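# Chain and residue survey
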There are 2 protein chains.
Amino acid sequence: MDLKKKVSLAVIRRLPRYFRYLSDLLRLGITRISSKELSARMGITASQIRQDLNCFGGFGQQGYGYNVESLYNEIGNILGFNNKYQTIIIGAGHMGQALANYGNFEKRGFSLIGIFDVDQNLVGKKIKDIEIMHLDSLEVFVMNNNVHIAILTVPYEHTPTVADKLAQLGVRALWNFSPMDLKLTYDVIIENVHLSDSLMVLGYKLAEDMKSRANIK
Amino acid sequence: MDLKKKVSLAVIRRLPRYFRYLSDLLRLGITRISSKELSARMGITASQIRQDLNCFGGFGQQGYGYNVESLYNEIGNILGFNNKYQTIIIGAGHMGQALANYGNFEKRGFSLIGIFDVDQNLVGKKIKDIEIMHLDSLEVFVMNNNVHIAILTVPYEHTPTVADKLAQLGVRALWNFSPMDLKLTYDVIIENVHLSDSLMVLGYKLAEDMKSRANIK
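Residues numbered from 1 in each chain as written. Chains lettered and ligands numbered in written order. Predicted model: local features only at pLDDT ≥ 70, side-chain atom pairs only at ≥ 80, totals over all residues. Heavy atoms only, no water.

### Considerations on the packing of helix α1 (residues 9-27) of chain B against helix α3 (residues 46-54) of chain B
All names here are of chain B. How we decide: Think of each axis as a best-fit line through the C-alpha atoms, taken over the contacting stretch in the case of a helix, with angles from 0 to 180 degrees between the N-to-C directions. Going along the chain from the N terminus, every DSSP run of H or I of four or more residues is numbered as a helix, and every run of E of two or more is numbered as a strand. Each angle gets one of four labels, with under 35 degrees taken as roughly parallel, over 145 as roughly antiparallel, 65 to 115 as roughly perpendicular, and the rest as oblique. Any pair of residues with heavy atoms lying within 4.5 Å of one another is described as a contacting pair. For this classification, the nonpolar set comprises Ala, Val, Leu, Ile, Met, Phe, Trp, Tyr, Cys and Pro, the charged set comprises Asp, Glu, Lys and Arg, and every other residue, Gly included, is treated as polar.
One way to put it is that α1 packs onto α3 with a least axis distance of 11 Å and a crossing angle of 110°. When the interaxial angle is binned, α1 and α3 end up roughly perpendicular. Between α1 and α3, the contacting residues are V11, R14 and Y18 on the first element and Q48, I49, D52 and L53 on the second. Of the residues belonging to the contact of α1 with α3, the class tally is four nonpolar, one polar and two charged.

Structure, rendered in structure tokens:
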């Protein structure tokens, strides 16, 4: 039986967070941890932790807790860090360059094999030894290389066109940084990242904080 | 009665998304929309939409739906886009530069007034007309300027120290891009952004997709 099939996306979305905390514990030399201790660190209830981790079979042992390293490895496996995904970036502006230089991605099994832009001032320049190509070469490049994931950091108005093209070329997964919830008619896996959403929430909390401080005074 | 006090953070977190969709509708010249139509666009149930928006009082009218522009403005008000927040960026690397150049933030009421780094090759250079300052000048700068928000794009190991210092200096809100769930003993508002979490989820979905395709063949 394939256990993973039954796991909800909500649980999957929490796994990277477990993974980060476990990696911190490893760094600190902590070899085992109870769901209660992990709960205190993460600010999640212990029962939520047990429930989440039980989805993947019995990692924990009664009275012993979790073996940090094996739980770390298991979650890494589930998240597919042993997979080798070839990625390209469309849009070599500041955000594209920041993502190209984000070392964590390579460590997690995502290797960057191409960067594309339409700006002639950028085409030909190198980021991390990869020469920026013109978007016109995208089609040939994708046909000749096994591109698993395309990272989109293109302007808002061009995002749907570029995404459509990638989907047509058979790229299965898009990581979209345009401030748009990308939805395509093609059957493609999409993760939208909305940086400003998080900043807006911060702004809201700050406004509430300022109000409550003004009331106290 | 202050209605906003009662609104849960879960609802607040959904508001930026409503705001984005409403801004799209405005762009398309659509002046009013029913919760049902909005539901179809956003992939949220109509009852969830009504429930969320009712938290802020009666924006919608029976049989008419929502006036797009006034709902857009109301949500903007709630999220505090009329506030003027002064922000600084700590860490002028690729991500810091990408965020400094992210035009959307200015539009939402966040103005960048300072950028800091410890790298002597960066100090003195300009990003968007703002000269990068050495981190040593942070204290004096914060004392002389009203800094509402600090954006942290510093290496993992330095994040807690820098965050602590900012909190001590009285900066009330931190937007943290280090792959760490920042928690401080100080009472400070923190939003953590974990870019790789989203990429990991994409990787997981892609692995599941590849498995199911392999089974079909």
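### Quick word on the side chain of A:S196
With respect to the helices and strands, A:S196 occurs in helix α9 (residues 195-216). Among residues more than four places away in sequence, those in contact with A:S196 are B:Y102, B:N104 and B:F105.

### With respect to the environment of A:V7
Residue and element names in this part refer to chain A. With respect to the secondary-structure elements, V7 resides in the segment before α1 (9-27). Separated by 49 residues in the primary sequence, V7 and F56 have C-alpha atoms spaced 8.0 Å apart. Beyond its immediate chain neighbours, meaning those up to four positions away, V7 contacts I12, C55 and F56.

### Some thoughts on the sheet that holds strand β9 (residues 189-192) of chain A
Residue and element names in this part refer to chain A. Filter applied, for reference: A strand pair is defined by DSSP finding two or more bridges across the two strands.
Read from one edge of the open sheet, seven strands run β5-β6-β4-β3-β7-β8-β9, paired in mixed fashion. Pairing within the sheet leaves two strands with one partner each, and these edge strands are β5 (126-127) and β9. By the bridge criterion, three bridges tie strand β4 (residues 110-117) to strand β6 (residues 130-134) in an arrangement that is parallel. The partner of D117 across the bridge, within β6, is H134. The strands touched by helix α8 (residues 159-168) are β3 (85-90), β7 (149-152) and β8 (173-176); relative to β7, the strand with the most contacts, the crossing angle is about 170°.

### Concerning helix α3 (residues 46-54) of chain A
Since the α-helix turns once every 3.6 residues, residues separated by three or four places project in the same direction. Residue and element names in this part refer to chain A. Spelled out, the test is: Here the term buried applies to any residue with accessible area under 20% of the maximum for its type, exposed to any over 50%, and partly exposed to those in between, with areas from a 1.4 Å probe on protein chains only. In this description, one arc is meant: the one made by directions from the helix axis to the C-beta atoms.
When we look at burial in α3, the residues that qualify are A46, I49, D52 and L53. Angular distribution of buried residues about the axis of α3 spans 125°; they occupy a single face of the element. The secondary structure elements touched by the buried residues of α3 are α1, α2 (35-42), β2 (66-67) and α4 (68-78).

### Remarks on the sheet that holds strand β8 (residues 173-176) of chain B
All names here are of chain B. Pairing is mixed in the open sheet, where seven strands are placed in the order β5-β6-β4-β3-β7-β8-β9. Both outer strands of the open sheet, β5 (126-127) and β9 (189-192), are each paired with one neighbouring strand and no more. When β5 meets strand β6 (residues 130-134), the two strands line up antiparallel, connected through two bridges. Bridging from a neighbouring strand, I127 pairs with I130 of β6.

### Some points on the interface of chain A and chain B
The condition is simple: For this document, the term salt bridge refers to a Lys or Arg side-chain nitrogen within 4 Å of an Asp or Glu carboxyl oxygen. In protein, a polar contact requires one atom able to donate a hydrogen and another able to accept it; more generally it is a pair of N or O atoms within 3.5 Å, and residues adjacent in sequence count only if both atoms are side-chain atoms.
Listed as interface residues are 68 residues of chain A and, on the opposing side, 68 residues of chain B. Residue A:D197 is joined to B:R20 by a salt bridge in which the shortest nitrogen-to-oxygen separation is 2.6 Å. Remark: the boundary between chain A and chain B carries 20 residue pairs in polar contact (both at pLDDT 80 or more). Mapped by element, the contributors of at least two residues to the side of chain A that touches chain B are α1, α2, α5 (94-100), α6 (103-107), β8, β9 and α9 of chain A. No other element matches α9(A), which puts 19 residues into the side of chain A that touches chain B. Its residues placed into classes, the side of chain A that touches chain B shows 36 nonpolar, twelve polar and 20 charged.

### Some thoughts on the relation of the copies chain A and chain B
Applied cut-off: When the copies are overlaid, the least-squares fit takes in C-alpha atoms only where the residue has pLDDT of at least 70 in both copies.
Turning chain A through 180° and shifting it by 0.0 Å along the axis lays it on chain B, with an RMSD of 0.0 Å. Taken together, the turn and the small shift mark the pair as related by a two-fold rotation axis. With an isologous cut-off of 70% or more, the 100% of interface residues of chain A that recur at the interface of chain B puts this contact in the isologous class.

### Observations regarding the environment of A:R41
Its place among the elements puts A:R41 in helix α2. Relative accessible area serves as the criterion here: at 36%, A:R41 is assigned to the partly exposed category. Note: C-alpha distance between A:R41 and A:I113 (72 residues apart in sequence) is 37 Å. Excluding anything up to four places from it in sequence, A:R41 contacts A:Y21, A:L25, A:L28, A:I30, A:I33 and B:K183.

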